[in-house]
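Analysis of the macromolecular model
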Amino acid sequence: MSWKASLGAAALGLFALLGSGGASQAEVKEVRISKGYGILYLPLIVMEDQKLLEKQAEKAGIGPLKVNWLMLDGGNIINDAMMAGSLDIAGTGAPGFITLWAKAKGIPSVEVVGVSGLSSTSLWMNTNNPEIKSLKDFKPSDKIALPGIKTSLSAVMLQMMAAHEFGRENYAKLDPMTVGLPHPEALAALTSGRTEITAHFTSPPFAYLELKDSKVHRVANSADVLGRMTMDVTFAPKRFVDANPKVVQAFLDALDEADAFIARDKAAAAEIYARTAKVKTTKEEMLEMLQDKDTWFSTTPEGMLKIADFMHSAGSIKVKPAAWQDLFISPLRERNGS
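Here's what I pulled together on the structure shown here. (Residues numbered from 1 in each chain as written. Predicted model: local features only at pLDDT ≥ 70, side-chain atom pairs only at ≥ 80, totals over all residues. Heavy atoms only, no water.)

Focus: the overall build of the chain
Our working rule: For the purposes of this entry, the term helix denotes a DSSP run of H or I that reaches at least four residues, the term strand denotes a run of E that reaches at least two, and both are numbered from the N terminus. As defined in this context, the radius of gyration uses C-alpha atoms, and a globule is described by 2.2 Å times the residue total to the power 0.38. Categorising residues by exposure relies on relative accessible area from a 1.4 Å probe, with only protein chains included: less than 20% of the type maximum marks a residue as buried, more than 50% marks it as exposed, and the intermediate range marks it as partly exposed.
Within the chain, the regular secondary structure consists of 14 helices and 11 strands. For a compact globule of 338 residues, the expected C-alpha radius of gyration is about 20 Å, and the chain comes in at 22 Å, within 12% of that figure. The dimensions of the chain, computed from C-alpha atoms along their principal axes, are 95 × 45 × 35 Å. Across the 338 residues in the chain, those meeting the buried criterion constitute 55%.

Listed below in structure tokens is the structure:
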């Protein structure tokens, strides 16, 4: 073969490589991850504090990986950030993720996929109104604070509890009373007693801290009504997952490592949370919360179909997954989830 023919063949080979995506095989060297407030985000908090993703990335041969952490609270805010392209992986309530998954299904530019389960705990309905003893006692003048109306974790869990209390057709009975407010601000509003907020549907540590105020009492516990299910998950744009399989696997491995850390040393995990949280709690207070039987951490999702089925029947989503595996990345699909 002449040198011209060899050069032509090499050029054709290069163009073929470029056309097949060979030039885009390098994975990202920087990743943007969001977490929220409360104990549900503890695995991500431990991951950040212990730099577990950076360690797993080095171990996987990806090289140095820069991790930027964002604090975002409420499914609507997180979904907007994801759609705007300013976020790569997000920790969020399962309902917020399911909402976005259903809306974006089949649209390559915005389609999302679950990366992992994250955590679960009990959500408590706390109130400073002494007349409220159960969900049936709320009046139109009462205002219930939660991170985001309609699609946030608290909002959908409240709808599911209302369906149980008032009948499935009345799942939205309490919706007109809800007010979108980040958990720390809702804690301050409820305990001050000087705002329109008369109740807060929230997770630890906020639920525990509120009950330290003698004017506040608990009305309902989500775990008593809804049972065991994953409440928070992590998810990402599908195009990010497809383009960065090694980074995504390193993230999953880091999250598994964080869960093992919490299970092995709850005291150390409690210290990390107490040291880094915006709302100050003691290590001892956090340890008490971590020992609650309703609080657990796992990358394997549980009860996702139960949430999706409810949201579909309520009209919140138009597309319903046939199996929980439809919602998540392939490395999770062989696990014993639901």
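What follows picks up the thread again.
Overview of unusual backbone geometry
Cis geometry marks the peptide bond from P204 to P205, where omega comes out at 5°. One non-glycine residue, K51, adopts positive backbone phi at about 55°. The exposure class of K51 is partly exposed, given its relative accessible area of 48%.

Comments concerning the nonpolar core
This is how it is decided: What is meant by a nonpolar core is a set of buried Ala, Val, Leu, Ile, Met, Phe, Trp, Tyr and Cys residues, joined one to another through side-chain atoms within 4.5 Å. Two residues form a contact once any of their heavy atoms are found within 4.5 Å.
If you look at the biggest cluster of nonpolar residues, it comprises 100 residues, and the most contacted ones within it are L53, F97, M125 and M157. When residues no more than four places from it in sequence are discounted, the contact partners of F97 are T92, V112, V113, G114, V233, F235, M304, L327 and F328. L181, A186, A189 and L190 belong to the second-largest nonpolar core, a separate cluster that totals 7 residues.

As for the sheet that holds strand β8 (residues 199-202)
Put simply, the rule is: Whether two strands pair comes down to DSSP finding at least two bridges between them. In this description, a line fitted to the C-alpha atoms serves as the axis of each element, helices being fitted only across the stretch in contact, and the angle between N-to-C directions of two axes falls anywhere from 0 to 180 degrees.
Across the sheet, 5 strands lie side by side as β7-β6-β8-β5-β9; this open sheet has mixed pairing. Every interior strand has two partners, whereas the edge strands, β7 (178-180) and β9 (217-221), have only one. Strand-to-strand, the axes of this sheet are offset by a mean angle of 30°, without reference to chain direction. Sheet topology places strand β6 (residues 144-146) next to β8; 2 bridges connect them, and they run parallel. Note on β8: the bridge partner recorded for A145 is H200. Relative to the sheet, helix α7 (residues 183-192) contacts β5 (124-127), β6 and β8, its axis offset from that of β8 by approximately 150°.

With respect to the pattern of salt bridges
Opposite charge on two side chains permits them to pair, given that their charged atoms come into close proximity. Note the following rule: We define a salt bridge as a contact between a side-chain nitrogen of Lys or Arg and a carboxyl oxygen of Asp or Glu at a distance within 4 Å.
Overall, the coordinates contain 14 salt bridges when judged by the stated rule. Across the salt bridge formed by E48 and K35, the nearest N and O atoms sit 2.4 Å from each other. Placement of the pair is E48 in helix α2 (residues 42-50) and K35 in strand β1 (residues 30-35), with a sequence separation of 13 residues. Judged by relative accessible area, which is 13%, K35 ranks as buried. A cluster of three or more residues bridged by salt bridges with shared partners is formed by D49, E271 and R275.

Here's the deal with the side chain of T300
Definition in use: Here a polar contact means two N or O atoms within 3.5 Å. Within protein one must be a hydrogen donor candidate and the other an acceptor candidate, and residues neighboring in sequence count only if both atoms are side-chain atoms.
One can find T300 in the loop between β11 (296-297) and α14 (304-313). A distance of 3.5 Å separates a polar atom in the side chain of T300 from a polar atom in the side chain of R335.

With respect to the sheet that holds β1
Here we have 6 strands laid out as an open sheet, ordered β2-β1-β3-β10-β4-β11, and mixed in their pairing. Across the chains shown, the open sheet's two edge strands, defined by having one partner strand only, are β2 (66-71) and β11. Pairing geometry for strand β3 (residues 89-93) and strand β10 (residues 232-237), over 4 bridges, is antiparallel. Paired with G93 across the two strands is D232, which belongs to β10.

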